[in-house]
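Listed below, chain by chain, are the residues.
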Amino acid sequence: MKEKVSLTWYFNETVSIDSAFNYETAFTCNLSNFVAIGSARSFAGFTFYFVTGTYKRTEVYSNNKWKNSIYRTVTFDEEPTGDLLTFLRANATPL
């Protein structure tokens, strides 16, 4: 039987990012729709961002701080799998 994976996750206060990534996945956060979660190298390490359907990046975490706590809760359209699920299990709590 397949394990049921939560659709809603709450990110930890600090997020462990040690490389750039891009996970294409539909989700909502703060009543906004997004199509990807990603990270990129910055002067102070890595930034963490959400991507809209028009490919606009919203930086949500950098310098080991959240830009706003509203970005810590996300709800996916489908159950996360693979590398995305591994990232979530290391950096967030299922709700």
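Okay, so let's go over this structure. (Residues numbered from 1 in each chain as written. Predicted model: local features only at pLDDT ≥ 70, side-chain atom pairs only at ≥ 80, totals over all residues. Heavy atoms only, no water.)

Brief notes about the overall build of the protein chain
Moving on, step 1. Assigned secondary structure in the protein chain consists of one helix and eight strands.
Moving on, step 2. A compact globule built from 95 residues would reach a C-alpha radius of gyration of about 12 Å, and the protein chain, at 13 Å, matches this within 12%.
Moving on, step 3. With 95 residues in all, the protein chain has 42% of them scored as buried.
Moving on, step 4. Excluding contacts between residues fewer than 6 apart, the proportion of contacts in the protein chain whose partners are at least 24 apart in sequence is 55%.
Moving on, step 5. As presented, the protein chain carries roughly 6000 Å² of accessible surface, and 49% of it is formed by carbon and sulfur atoms. (Helix = DSSP H or I, 4+ residues; strand = E, 2+ residues; numbered from the N terminus. Rg over C-alpha atoms; globule rule 2.2 N^0.38 Å. Buried < 20%, exposed > 50% of the residue type's maximum accessible area, 1.4 Å probe, protein only. Contact = heavy atoms within 4.5 Å. Areas by Shrake-Rupley, 256 points an atom, 1.4 Å probe, with all protein chains shown as cover.)

Looking at the environment of Asp-18
Moving on, step 1. Tracing the backbone through its elements, the reader meets Asp-18 in the loop between strand E1 (8-11) and strand E2 (21-29).
Moving on, step 2. In this structure, the C-alpha to C-alpha distance between Asp-18 and Gly-38, residues 20 residues apart in sequence, is 12 Å.

A few points about the nonpolar core
Moving on, step 1. Judged by nonpolar contacts, the single largest core of 25 residues is most densely connected at Phe-11, Phe-48 and Phe-50.
Moving on, step 2. Of all the secondary structure elements, the ones that give two or more residues to this core are E1, E2, strand E3 (32-42), strand E4 (45-51), strand E5 (57-62), strand E7 (73-76) and helix H1 (82-91).
Moving on, step 3. For Phe-11, the contacting residues outside a window of four places in its chain are Phe-48, Phe-50, Trp-66, Tyr-71, Arg-72, Val-74, Phe-87, Leu-88, Asn-91 and Ala-92. (Core = buried A, V, L, I, M, F, W, Y, C linked by side-chain atoms within 4.5 Å.)

What to know about the pattern of salt bridges
Moving on, step 1. Counted under the stated rule, the structure contains one salt bridge.
Moving on, step 2. The salt bridge partner of Lys-67 is Glu-59, with a shortest N-O separation of 3.1 Å.
Moving on, step 3. Exposure remark for Glu-59: the relative accessible area of 36% places this residue in the partly exposed category. (Salt bridge = Lys/Arg side-chain N within 4 Å of Asp/Glu carboxyl O.)

Re the packing of aromatic side chains
Moving on, step 1. A full pass over the atoms with the stated rule returns 16 aromatic pairs.
Moving on, step 2. Seen from their ring centres, Phe-48 and Phe-50 are 5.7 Å apart, and the 80° between their planes marks the pair as edge-to-face. Both residues of the pair, Phe-48 and Phe-50, belong to the buried class.
Moving on, step 3. By the ring-pair criterion, three or more aromatic residues cluster together here, those being Phe-11, Phe-21, Tyr-23, Phe-27, Phe-34, Phe-48, Phe-50, Tyr-61, Trp-66, Tyr-71, Phe-76 and Phe-87.
Moving on, step 4. If you follow Arg-57 out to its NZ or CZ, it ends over the ring of Tyr-49, 4.1 Å from the centre. (Phe/Tyr/Trp six-rings, centres within 6.5 Å; stacked < 30°, edge-to-face > 60°. Lys NZ or Arg CZ within 6 Å of the ring centre and 35° of its normal.)

Section: the environment of Val-15
Moving on, step 1. Relative to the assigned elements, Val-15 resides in the loop between E1 and E2.
Moving on, step 2. Given a relative accessible area of 7%, Val-15 falls into the buried group.
Moving on, step 3. As for Val-15 and Lys-65, which are separated by 50 residues in sequence, their C-alpha atoms are 8.6 Å apart.
Moving on, step 4. Apart from residues lying up to four places away in sequence, Val-15 is in contact with Tyr-61, Trp-66, Phe-87 and Asn-91.

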